[in-house]
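What follows is the residue order along each chain.
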Amino acid sequence: ERVLRARLSDARFFFEEDKKVSLEERVEDLKGVVYQAKLGTSYEKMVRFRKLAEGLASRLCPSLVDKVSRAAYLSKADLVSGMVGEFPELQGIMGREYALLAGEEADVARAIHEHYLPTQAGGELPSTDIGALVSLADKVDTICGCFGVGLIPTGTADPYALRRSAIGVLNIILERGYRISIPELVAQSLALLEVKLTRPRGAVEADVVEFIRLRLANMLTGRGFATDL
């Protein structure tokens, strides 16, 4: 009871302190957070996948472009909050709650949480198009960025969970029935990553598309489709 009381007391302190700064104001602070040494800051990552998400929305759900853009813009802001600093597993959840407190639209706030989904194999998927499109863009940027600077999974080593991200991308596309060309999406992502790449763009594109293709083949085989099919 004493341990729990102390943790809850900490949580209340961080929650009250966090409320003094709006989620939107925190976005600028992401410029000081290194996402990955070769890929820049969390702010730079957000700018990239926000553009990617806007492009996806304009083709698949034109009426949602503004909301998708807003959700992507705020999606990583809670990473610099006191609460997520102390309780990292609450990333996305606190972003949703702080967005609601700041008066953001409910579906935008929900998308801030849902863009992290799925968090595990077979896990819950985003329930809205806004969350799904931001999630797709974020995951594709992660995969393309890591491949672009040579951080390619080998054997069991996959520190950036790229396999999980690829499976998440495929499950979201299949679940929501999106008509998306994976090679086109990868090419668009790599165009936004151009200045960060340390490998030839063509080689990276081929590697990423093949990486995702293999995940799809494994998924379909697991669902009972014949290997040759």
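Remember, it's a predicted structure, so these values are computed and weren't measured experimentally.

Draft legend 1. Fine view of helix α3 (residues 42–60). Spanning 19 residues, α3 covers 26 Å between terminal C-alpha atoms, matching the ideal 27 Å at 1.5 Å per step. Three or more residues of α3 are buried, namely Ser 42, Tyr 43, Lys 45, Met 46, Arg 48, Phe 49, Leu 52, Ala 53, Leu 56 and Ala 57. Contact partners of the buried residues in α3: β1 (34–36), β2 (40–41), α4 (65–74), α8 (129–148) and α10 (182–192).

Draft legend 2. View of the packing of aromatic side chains. Going through the model one piece at a time under the given rule, you end up with three aromatic pairs. Seen in terms of ring centroids, Phe 13 and Phe 14 are 5.4 Å apart; in terms of plane orientation they differ by 70 degrees. Their pairing is edge-to-face. Centre to centre, the rings of Phe 147 and Phe 211 are 5.0 Å apart; their planes meet at 55 degrees, and the pair counts as tilted. Here Phe 147 is found in helix α8, whereas its partner Phe 211 is found in helix α11 (residues 201–222), with 64 residues between them in sequence. Across the pair, Phe 211 and Phe 147 agree in class, each one buried. Note that Lys 31 overlies the ring of Tyr 43, its terminal NZ or CZ placed 4.7 Å from the centroid.

Draft legend 3. Region of interest: the environment of Ala 187. Relative to the helices and strands, Ala 187 is located in helix α10. Separated by 41 residues in the primary sequence, Ala 187 and Cys 146 place their C-alpha atoms 14 Å from one another.

Draft legend 4. Fine view of unusual backbone geometry. The peptide bond linking Leu 117 to Pro 118 adopts the cis configuration, its omega dihedral lying at -10 degrees. Position of Pro 118 relative to the elements: it lies in the loop between α7 (106–114) and α8. A positive phi angle, near 50 degrees, is found at Ala 161, a position not held by glycine. With respect to the helices and strands, the residue Ala 161 is situated in the loop between α8 and α9 (162–176).

Draft legend 5. Layout of the packing of α7 against α8. One way to put it is that α7 packs onto α8 with a least axis distance of 8 Å and a crossing angle of 40 degrees. The orientation of α7 with respect to α8, classified from their angle, is oblique. Judged by the sense of rotation from one axis to the other, the crossing of α7 with α8 is right-handed. Here α7 contributes Asp 107, Ala 111 and Glu 114 to the contact with α8, which in turn contributes Ile 130, Gly 131 and Ser 135. A breakdown of the residues in the contact of α7 with α8 according to their chemical character gives two nonpolar, two polar and two charged.

Cut-offs and rules
Residues numbered from 1 in each chain as written. Predicted model: local features only at pLDDT ≥ 70, side-chain atom pairs only at ≥ 80, totals over all residues. Heavy atoms only, no water. Helix = DSSP H or I, 4+ residues; strand = E, 2+ residues; numbered from the N terminus. Expected span 1.5 Å × (residues − 1). Buried < 20%, exposed > 50% of the residue type's maximum accessible area, 1.4 Å probe, protein only. Contact = heavy atoms within 4.5 Å. Phe/Tyr/Trp six-rings, centres within 6.5 Å; stacked < 30°, edge-to-face > 60°. Lys NZ or Arg CZ within 6 Å of the ring centre and 35° of its normal. Axes fitted to C-alpha atoms, helices over the stretch in contact; angles between N-to-C directions. Parallel < 35°, antiparallel > 145°, perpendicular 65-115°, else oblique. Left-handed = near helix turned anticlockwise from the far one by under 90°. Nonpolar A, V, L, I, M, F, W, Y, C, P; charged D, E, K, R; others polar.

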